[in-house]
Amino acid sequence: MIYMALYFAIGCYGIGLVFNLWRIARGPDAADRILGLDTMVINVIALLILFGILKGTAMYYEAAMLVAMVGFVSTVAYCRFLLRGDIIE
Amino acid sequence: MLIVIALLPFIGALVPGVMIRAGRNACATFTAIPTLLALVMLMTLAPQVMDGGVVRAELEWLPQLGLSASFFLDGLGLLFASMILGVGLLITLYARFYLSGDDPMGQFYTYLLLFQGAMLGIVLSDNILLLLIFWELTSLSSFLLIGYWKHLPEGRQGARMALAVTGSGGLAMIAGMLILGNIVGSYNLTDILAAGDLIKSSEWYLPALILILLGAFTKSAQFPFHFWLPHAMAAPTPVSAYLHSATMVKAGVFLMARMWPALAGTDAWFYIVATTGLVTMVLGAVIALFKDDLKALLAFSTVSHLGLLTMLLGFGTEAAAVAAVFHIINHLTFKAALFMTAGIVDHETHTRDIKRLGGLAKLMPITALIGTVAALSMAGIPLFNGFLSKEMMLEETTHTVWWGNPWIVPALATFGALFSVAYSLRFIFHVFGGPVRDDYPHHPHDPPAGMWLAPALLCVLVVAIGVMPFLATPIVNMAASAVTGVPQDGYLKIWHGVNPALFMSIAAVAGGIVLLMIHRPLDRVWAVMPRPEAKNIFDRLMGWAVSATRWLTDATHNGAISRYLAIFIVATVALGYVAWSGGGISAPTRELLPVPPVVAIGWFLLVVATGSVVIMHRSRFRALVIIGIIGLMISSGFIYLSAPDLALTQISVETVTIMLLLLALHFLPKQTPKESGALLRLRDGVIAAIAGLGTASLAYVFMLRDIDTISGFHLANSKTGGGGTNVVNVILVDFRGYDTYGEIIVLGIAGLAIFAMMDALLNGPAARRLRNLDLSSDRSRDRHPLMMVVATRVMMPIAVVVGVYIFLRGHNQPGGGFVAGLVISIALLMQYMASGFVWTQRRQQIEYHTMIGWGVVIAGLTGAGAWLAGKPFLTSGFDYFHIPPIEEFELATAALFDLGVFLAVLGSVMLMLYSLSRMARTAGETVNLEPMDFDPADRVQNEQEAK
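Computed from a predicted structure; not experimentally measured.

Caption draft 1: Summary view of the overall build of chain A. When its secondary structure is counted, chain A shows 3 helices and 0 strands. Along its sequence from the N terminus, chain A presents helices and strands in the succession α-α-α. Counting across all 89 residues of chain A, residues that qualify as buried make up 47%. Intrachain contacts of chain A at a sequence separation of at least 6 include 41% that bridge at least 24 residues.

Caption draft 2: Quick peek at the overall build of chain B. Across its full length, chain B holds 41 helices and 4 strands. Residues classed as buried in chain B amount to 45% of the 947 residues present. Residue pairs in contact within chain B that sit at least 24 positions apart in sequence constitute 78% of those at least 6 positions apart.

Caption draft 3: Spatial organisation of helix α29 (residues 620-640) of chain B. Here α29(B) contains 21 residues, and its C-alpha end-to-end distance of 30 Å stays within 8% of the 30 Å for a straight helix at 1.5 Å per residue. Taken as a whole, α29(B) has its buried residues at Leu624(B), Val625(B), Ile626(B), Ile627(B), Gly628(B), Ile629(B), Leu632(B), Met633(B), Ser635(B), Ser636(B) and Ile639(B). In this fold, the buried residues of α29(B) make contact with α1 (2-26), α2 (30-55) and α3 (59-84) of chain A together with α28 (597-616) and α30 (644-665) of chain B. Just past α29(B), the residue Ser642(B) takes up positive phi, approximately 50 degrees.

Caption draft 4: Representation of the confidence of the model for chain B in the model. Residues and elements named next belong to chain B. Confidence along chain B averages 85 in pLDDT terms, with 97% of residues attaining 70 or more. The secondary structure element of chain B with the lowest average pLDDT is strand β4 (residues 889-892), at 66, and the one with the highest is helix α10 (residues 205-219), at 92. At the level of chain-chain contacts, confidence expressed as ipTM amounts to 0.95, with global pTM at 0.68.

Caption draft 5: Spatial organisation of the interface of chain B and chain A. Across the boundary between the two partners, chain B contributes 44 residues, which contact 38 residues of chain A. When residues of the side of chain B that touches chain A are traced back to their parent elements, those giving at least two are α28, α29, α30, α36 (786-809), α37 (817-835) and α40 (893-922) of chain B. The leading source of residues in the side of chain B that touches chain A is α30(B), at 10 residues. Looking at the side of chain B that touches chain A, its residues break down into 29 nonpolar, 10 polar and 5 charged.

Caption draft 6: Representation of the packing of helix α39 (residues 848-868) of chain B against α40(B) within the structure. All names here are of chain B. α40 packs onto α39 with a crossing angle of 160 degrees between their chain directions and a minimal axis gap of 7 Å. By the criterion of interaxial angle, the relationship of α39 to α40 is roughly antiparallel. You can see that α39 and α40 cross each other, and the crossing is left-handed. Per-class residue counts for the contact of α39 with α40 are 17 nonpolar, 9 polar and no charged.

Caption draft 7: A look at the environment of Leu786(B). All names here are of chain B. Note that Leu-786 resides in helix α36. Residue class for Leu-786 comes out partly exposed when judged on the 15 C-beta atoms lying within 10 Å of it. Residues Leu-786 and Asp-933 lie 147 residues apart in sequence; the distance between their C-alpha atoms is 7.0 Å. When sequence neighbours within four positions are dropped, the list of residues in contact with Leu-786 reads Met-932 and Phe-934.

Caption draft 8: Geometry of the nonpolar core. Residues and elements named next belong to chain B. Among the nonpolar cores identified, the biggest contains 199 residues, and Ile-146, Leu-312, Ala-324, Val-325 and Ala-374 are the most heavily contacted of them. Ranked by residues supplied to this core, first place goes to helix α17 (residues 318-349) with 18 residues. Excluding anything up to four places from it in sequence, Leu-312 contacts Ala-320, Ala-323, Ala-324, His-327, Met-393 and Glu-396.

Caption draft 9: Molecular detail of the packing of α17(B) against helix α20 (residues 385-398) of chain B. All names here are of chain B. Following both chains from N to C, one finds α17 and α20 inclined at 150 degrees, their axes separated by 9 Å at the closest point. The angle between α17 and α20 falls in the class roughly antiparallel. Crossing of α17 over α20 shows left-handed handedness. Along the contact surface, α17 presents Ala-319, Ala-320, Ala-323, Phe-326, His-327, Asn-330, Thr-333 and Phe-334, while α20 presents Asn-385, Gly-386, Leu-388, Ser-389, Met-392, Met-393 and Glu-396.

Caption draft 10: Representation of the environment of Gly11(A). All names here are of chain A. Mapped onto the elements of the fold, Gly-11 is located in helix α1. Classification of Gly-11 as partly exposed rests on a count of 14 C-beta atoms within 10 Å. Distance from Gly-11 to Leu-47, taken between C-alpha atoms, is 9.3 Å for residues 36 residues apart in sequence.

Caption draft 11: How the structure looks around unusual backbone geometry. All names here are of chain B. In this structure, Pro-224 follows Phe-223 across a cis peptide bond, with omega equal to 5 degrees. Tracing the chain through its elements places Pro-224 in the loop between α10 and α11 (228-231). A positive phi angle, near 65 degrees, is found at His-350, a position not held by glycine. Structurally, His-350 can be placed in the loop between α17 and α18 (360-363). Positive phi, close to 80 degrees, is recorded for Leu-383, a residue that is not glycine. Within the secondary structure, Leu-383 is located in the loop between α19 (365-379) and α20.

Rules and cut-offs
Residues numbered from 1 in each chain as written. Chains lettered and ligands numbered in written order. Predicted model: local features only at pLDDT ≥ 70, side-chain atom pairs only at ≥ 80, totals over all residues. Helix = DSSP H or I, 4+ residues; strand = E, 2+ residues; numbered from the N terminus. Buried ≥ 20, exposed ≤ 12 C-beta atoms within 10 Å, placed from the backbone. Contact = placed C-beta atoms within 7 Å. Expected span 1.5 Å × (residues − 1). pLDDT = per-residue confidence, 0-100. Nonpolar A, V, L, I, M, F, W, Y, C, P; charged D, E, K, R; others polar. Axes fitted to C-alpha atoms, helices over the stretch in contact; angles between N-to-C directions. Parallel < 35°, antiparallel > 145°, perpendicular 65-115°, else oblique. Left-handed = near helix turned anticlockwise from the far one by under 90°. Core = buried A, V, L, I, M, F, W, Y, C linked by C-beta atoms within 7 Å.

Next comes the structure, spelled out in structure tokens:
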């Protein structure tokens, strides 16, 4: 049962990734692209955790945590660039 | 002892440049001391060599390559070494008085000793690779000596020409020597000399012979390479006397003599060497007669005598080799004396033009006496040593049959000797003879004793050997035995009875006198005769070479990185293809791993994103966002393929890179202009696609096979040898700690360099452009949003704890100093982004420069700590400790080393971003002293105060 749920979830997040890509490609403006990328990071985090459950190891959780910790930093940087131009003022 | 002798001149070369401050005499004395010391040491070894022994000394250097600093001293080496050191002493004395006060004497003596050391190295080397190094060193040091008078264009040109000719000859010789070493299977001269038959029967004999002879002929100024020697006469006279008569030009002759047992005796040797020598001898003698410049006359005479020596060695008979050795000694004595005489004449009268000289015998009798004795010896007049060896040479020619013709060699040799007599007598009569003139540029008189002492000493030798040849007999026999490899015990004498050589000698002297009498009309004929000017030909050849290389350089290095990359990639692909098609590849031993759909999606995203960057790279910001996808997919790929270390590093590096690029992009155009045409882009696209496909298929093929790599060793020894279970970290801090140590230094340098460059940039003209930049348009007024400030403050301690955790567990679990450094720098960068530069910088107590420094120092000290334990640098140690109530834990020095890595990485990354962000403030950006735009706490406080 858990495996079916896992595979289903993994499949959904996988399709989610493709949609993210679509958003990043289409735009229409830069904010959409940044959001698309940020969502993509979140989807990847989700996939890592799901893989961790699937394989039964803690290593993936940790990696997911680290991605979560630093992943949003680049999103912030992109946004600051759009809003203020200079990211460190 | 031999090694000390060989090294003494090099060590001594350090001294004169310093001693010149103590005066010219001190400088000359300290040049003479190492020479004298080496000579004395050599003499203590001499008895052993005279008895037929060989002295050896060896110093292992790179035994794997057949390179060892091995020296040996046999008869030939002893003869040359004592010549080099003996004449070196005389030249030192002579140069002290020759050089004027304006010349930098310290420099001169330093060059001289360098040259002396190189020359000594050639004659003492027992390893041909070592010999080659010294050989090139003589070319280089002679370049410095010929061009010593830097203000003279002739000096510079002559030096360049000498270097080009002898240097390229040296290159040919390197090839020849390598072939020789390959044939014999050893680079030891002793082995090579013993393997003469093997070498001569090898099919590579001829190429090796020609290449080695090219080296010898260029060095010894043999036709058609003789032209550089006269041009090298622009050097100061002591240099001409030392290099261009006594030592360096003899190096080629020495080499032929040294290689005589290994190479001589074949038809090829005879026809190449003897013919070249004969032509050079005759040509040099003829040209010498018509030169009005004293030194040019002597230079061509030297060419002629070198030709004579080459010819004798070319004959390949033992008797001829004995004659050659004897003539080497005789030529040294009279020619060095003659050069010094010419130098004295030049020094006193300020001219070397024979047409402006004459009658000097009455004005400078001592010099005239010296010059006359030496010149008579050069002419081959009896009772002087030149006569003896010339007689032996003529005698040998009568036994020589050239292409079935028994008289052509003796006839030409007599012809050469005739001209030799003529120019020698011209030297005497046109310079010293005749009436005293009153139109010398400077009124001459005899120089101080220091100047004529050296040539006088040589003249004593000339006469002594000439009258009592038995004095030289043991030395000649000793050297000749070494050349031929067979003991020689002949004896030298003046009177050989009535034989063909005597008649040839008489004919030469008589003809020479006649020739001198009709010199004036002959000179006029010579002046109008057309002849090729070697310098023009050489200049034209050099011109061609320069334009050809310039074309090649311009074609490959046009400054466009796309061209470099194209050349590099095409070459790599071609090499890969050759390697691929050459060797067979075994059948695959591994199954392809299954590809789950989600992984396929990740792959698809990666491919699409990569393709999109290629298409959209002109829109820079969009390309940066897409690069974000690539980084994310690669990192998650690493995690999926069980490389958590790589993933951790990758994701941190990605984040830092994006920030760095965004910082820079702020000041750059947001669009990349098109710089190349469609056709060019198509070409580059094709090249890139081929390279990518090639790499991919290579990776594919290799991953389907089990290949024995070093990984197995690392896995097996990580815990036992490095004390850690995280192999990646153990490799970084232990197995390849040296690499890491170098890398953090490089990283630190890069950080400091960016800082320095930015500093220079912001103080230069670019700063003006920056200040005029208008970046204020269309920006959000939400500068430091409250939400972001609060979020990053909360994140900071968490991120730091994660960083510390990753660092601490690094030795056994994924992590380590490098990743930890990146994680903490990201945590700090967040504060910079949220609250602005100035606010954050005020709270940053440690300077980043210092942090880099400490990182490198800690890593270095940890490495050096291994010395205390008597182990090599960077050997790590670890042990297990048990302090209740804590569980047993491990302490490794590697962790301390990792701390150094951590600090260096953190410092470098922060310094780079810090430097880049300085641009904004130069551009007139204002700074924020408050942590956020609007602080609600302030408002509450204000309200309370208002109440």
